[in-house]
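# Reading the structure
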Amino acid sequence: MEHNSTELAMFHRFLGEQLADGAQWTPEECLLAWRAEQLSPEELDNSVASVRRALDQAERGEGKTLADFDRDFCVKHRIGSTS
């Protein structure tokens, strides 16, 4: 139980700092920012490695553009117009 109240106090302090800095986030955005700051070194390393791999693939011309992905996704899931 002590861990939860310590973590909650840290989250409360984090929110106060963001508000003092003028952040105008939604509650969900605040939670996402908090979670991003709580990543372990291993999780952060994995995230950085994933982004680097994606950038390398894009540089090699691999993958799809966002527009192509969006069109294909909409067609596959029958969402909206595909014009």
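Residues numbered from 1 in each chain as written. Predicted model: local features only at pLDDT ≥ 70, side-chain atom pairs only at ≥ 80, totals over all residues. Heavy atoms only, no water.

### Remarks on the overall build of the protein
- Within the protein, the regular secondary structure consists of four helices and zero strands.
- As displayed, the protein offers around 7400 Å² of accessible surface, 56% of which is attributable to carbon and sulfur atoms.
- One way to put it: in the protein the 9 positive side-chain charges average out to a point 10 Å from where the 16 negative ones average out. (Helix = DSSP H or I, 4+ residues; strand = E, 2+ residues; numbered from the N terminus. Areas by Shrake-Rupley, 256 points an atom, 1.4 Å probe, with all protein chains shown as cover. Lys, Arg positive; Asp, Glu negative; His and termini not counted. Charge placed at Lys NZ, Arg CZ, Asp CG, Glu CD.)

### Description of the packing of aromatic side chains
- Enumeration according to the criterion identifies three aromatic pairs in this entry.
- For the pair Phe-11 and Trp-34, a centre-to-centre distance of 5.3 Å together with 70 degrees between the ring planes defines the contact as edge-to-face. Of this pair, Phe-11 sits in helix α1 (residues 2-20) while Trp-34 sits in helix α2 (residues 27-37), placing them 23 residues apart in sequence. The exposure classification of Phe-11 matches that of Trp-34, with both residues buried.
- Taken together, the ring pairs in this structure connect Phe-11, Phe-14 and Trp-34 into an aromatic cluster. (Phe/Tyr/Trp six-rings, centres within 6.5 Å; stacked < 30°, edge-to-face > 60°. Buried < 20%, exposed > 50% of the residue type's maximum accessible area, 1.4 Å probe, protein only.)

### Considerations on the environment of Leu-8
- Mapping Leu-8 onto the fold places it in helix α1.
- Judged by relative accessible area, which is 57%, Leu-8 ranks as exposed.
- C-alpha separation for the pair Leu-8 and Ala-20, spaced twelve residues apart in sequence, amounts to 18 Å.

Bear in mind that shape data such as this cannot, by itself, settle questions of function.
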